[in-house]
Amino acid sequence: MVALIMIMAWATAQEASLAIETPFRKGVNLTGWFQAGSAGEVQYDKYSKQDFINIKSLGFDHIRLPINLHYMTEGEPAHTLDARFLEKLNQVVDWAEELQLHLILDNHTFNPSVDTDREVEDILHKVWSQMAGEFADRSGYIYYEILNEPHGIKDRVWNRIQGRLIETIREHDSRHYIVVGPAGWNSYNNLAAMPEYEDDKLIYTFHFYDPFLFTHQGASWNTPSMAEIENIPFPYDKDNMPAMPPSFEGTWVDNLYNNYPRDGNAAKMKELIDIAVRFREERQVPIFCGEFGVYQRTSDEADRVRWYDALVDIFDRVNMSWTMWDYHGSFGLFGEGNRGSFEHDLNIPLLKAMDLHVPGKH
């Protein structure tokens with residue numbers, strides 16, 4: 001009897017573990033493709049099925065496809081999705097299905113400098129009604145992500161909007177998983193504020209760019225701009241730490257600098273990732289890191305590789321699925337300043353640090 005009870009307890013634990021697994025493990029964001037100002041501005045031939053074959057050969061099992069979804073429409077009031085956009089996106093879905101690559105259709109319509117307006121719900125309702133109707137009959141390799149990085153909006157407001165959008169999608173599609181995330185730029189700190197949505201086909205997401213002083217040194221899109229900051233080492237090294245430009249005195253960037261001796265190490269990164277791990281275990285829901293990376297142009301490459309190595313090791317230890325940002329972009333998998341040729345320009349040390357396949361090596 002004792003043995004039977006132990007076996008049943010083990011089986012229950014295994015079922016619970018499987019219930020919080022994501023269907024995918026390692027992925028990449030394919031940026032700069034459908035992130036255009038209109039459907040007519042999309043460079044539709046930028047990527048082909050061969051690029052998807054290449055991505056899979058590196059050991060990725062999924063692609064997150066950022067789409068400026070609100071801009072792929074004919075505008076107000078109906079926000080009807082552009083026919084050419086849908087035709088091309090269906091072709092992309094074909095490639096993913098044929099190659100058995102999971103594909104996250106990520107609504108990436110947002111301006112980092114503008115807060116998410118609660119009135120966005122009207123557009124979200126219209127575009128997701130159409131998207132769910134368009135792809136409802138597609139395979140389980142397809143996922144919907146409602147909105148990337150809502151920010152400047154109260155948690156309770158965003159959570160209610162997201163809940164209603166889940167219902168909107170379910171009016172047209174009860175089959176596919178929906179990716180949902182918290183406010184605060186999809187921060188792990190905002191996960192706990194999310195409600196327990198009554199839907200059994202949700203996957204939760206969060207983003208990770210810590211320590212921010214290291215990952216975003218040189219980034220001009222922050223306020224204040226961090227373009228002047230460079231040569232921040234990882235991990236923290238007192239002897240190689242540059243002085244903070246005086247223009248940042250009294251700003252949040254100055255706080256990042258002052259805290260870097262404490263925050264600039266793998267142990268702190270693990271502590272922060274554990275926030276998402278606890279959410280997963282307490283809620284018993286699947287969750288993955290949908291974005292992470294280091295801005296390449298102003299970071300030391302050896303330190304950059306060291307950061308990825310540390311983070312992927314943490315993900316492995318806590319059994320967390322991930323999607324790196326990005327493929328060809330300024331956080332990407334290719335050497336800086338080259339043409340991004342798959343045959344010649346891949347960043348081999350970075351591939352190895354992330355435990356990805358090196359082309360030609362078996």
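A short tour of the structure in this document, coming up. (Residues numbered from 1 in each chain as written. Predicted model: local features only at pLDDT ≥ 70, side-chain atom pairs only at ≥ 80, totals over all residues. Heavy atoms only, no water.)

Some details on a positive patch on the surface
Selection rule: In this scheme, patches are assembled from residues that exceed 30% relative accessible area and form no salt bridge. Like charges are connected within 9 Å, while nonpolar side chains (Val, Leu, Ile, Met, Phe, Trp, Tyr) are connected within 5 Å. Residue exposure ignores everything except the shown protein chains as possible cover, and the areas themselves are Shrake-Rupley values with a 1.4 Å probe. Salt bridge, as used here, is a side-chain nitrogen of Lys or Arg placed within 4 Å of a carboxyl oxygen of Asp or Glu. The charged-residue count follows a simple rule in which Lys and Arg add positive charge and Asp and Glu add negative charge, with His and chain termini not counted at all. Throughout, a charge is located at the NZ atom of Lys, the CZ atom of Arg, the CG atom of Asp or the CD atom of Glu. A run of H or I in DSSP becomes a helix once it reaches four residues, and a run of E becomes a strand once it reaches two; helices and strands are each numbered from the N terminus.
Positive charge collects at one region of the surface, where R118, K154, R156 and R160 lie side by side. If you trace the backbone, R160 turns up in helix α5 (residues 155-170).

A word on the packing of helix α9 (residues 266-283) against helix α10 (residues 301-318)
For clarity, the threshold we go by: Angles here are taken between N-to-C directions and fall from 0 to 180 degrees, while the axes themselves are lines fitted to C-alpha atoms, restricted in helices to the stretch in contact. Less than a right angle of anticlockwise turn of the near helix away from the far helix marks a crossing as left-handed, whereas a clockwise turn marks it as right-handed. Between two residues, a contact is recorded if the distance between any of their heavy atoms is within 4.5 Å. Three categories are distinguished: nonpolar for Ala, Val, Leu, Ile, Met, Phe, Trp, Tyr, Cys and Pro, charged for Asp, Glu, Lys and Arg, and polar for the others, with Gly belonging to the last.
Here α9 crosses α10 at 35°, and the two axes come no closer than 10 Å. Every pair of crossing elements has a handedness; the one defined by α9 and α10 is right-handed. Residue-level inspection shows A266, M269, K270, I273, D274, V277 and R280 of α9 in contact with α10, the latter providing W307, A310, L311, I314, F315, R317 and V318. Per-class residue counts for the contact of α9 with α10 are 10 nonpolar, no polar and 4 charged.

Describing the environment of G218
Within the fold, G218 resides in the loop between α7 (212-215) and α8 (252-263). Once the C-alpha coordinates of G218 and S299 are considered, the two residues, 81 residues apart in sequence, prove to be 7.9 Å apart. Excluding anything up to four places from it in sequence, G218 contacts M226, A227, I229, Y295 and T298.

Topic: unusual backbone geometry
Heads up, the condition is: Only protein chains enter the area calculation, which uses a 1.4 Å probe; residues under 20% of their type maximum are buried, those over 50% are exposed, and those in between are partly exposed.
Here the bond from T223 into P224 is cis, since omega is 0°, no more than 30 degrees from zero. In this fold, P224 is placed in the loop between α7 and α8. Not every positive phi belongs to a glycine, and H79 is a case in point at roughly 55°. The residue H79 is located in the loop between β2 (62-67) and α3 (83-99) in this model. Under the relative-accessibility criterion, H79 is labelled buried at 7%. A positive phi angle, close to 65°, is found at W185, a residue other than glycine. If you trace the backbone, W185 turns up in helix α6 (residues 183-186).

Thoughts on α3
Basically, it comes down to this: What a helix should span is 1.5 Å times the count of its residues minus one. In the analysis that follows, any N or O atom pair within 3.5 Å is treated as a polar contact, provided that within protein one partner can donate a hydrogen and the other can accept it, and provided that, for residues neighboring in sequence, both atoms belong to side chains.
Helix length check: α3 (17 residues) gives 25 Å between terminal C-alpha atoms against 24 Å at 1.5 Å per residue, within 8%. Within α3, burial applies to F85, L86, K88, L89, N90, V92, V93, W95, A96, E97 and L99. Summarising the contacts, the buried residues of α3 are in contact with α2 (49-57), β2, β3 (102-107), α4 (120-135) and β4 (142-145). Its side-chain oxygen placed 2.9 Å from the backbone nitrogen of R84, D82 serves as the N-cap of α3. Positive backbone phi, approximately 55°, marks Q100, located one or two places after α3.

Comments concerning the sheet that holds strand β6 (residues 202-208)
Rules: By this definition, two strands are paired if DSSP reports at least two bridges between them.
Judged by pairing direction, the barrel is parallel, and its 8 strands sit side by side in the order β1-β2-β3-β4-β5-β6-β7-β8 before closing back on the first. Across the sheet, the mean angle separating the axes of adjacent strands is 25° when strand polarity is ignored. With 2 bridges connecting them, strand β7 (residues 287-292) and strand β8 (residues 321-324) associate as parallel partners. Each residue of the ladder has a partner; that of C289, found in β8, is W322. Strand contacts of α9: β6 and β7, with the helix running at about 165° to β6, the strand carrying the most contacts.

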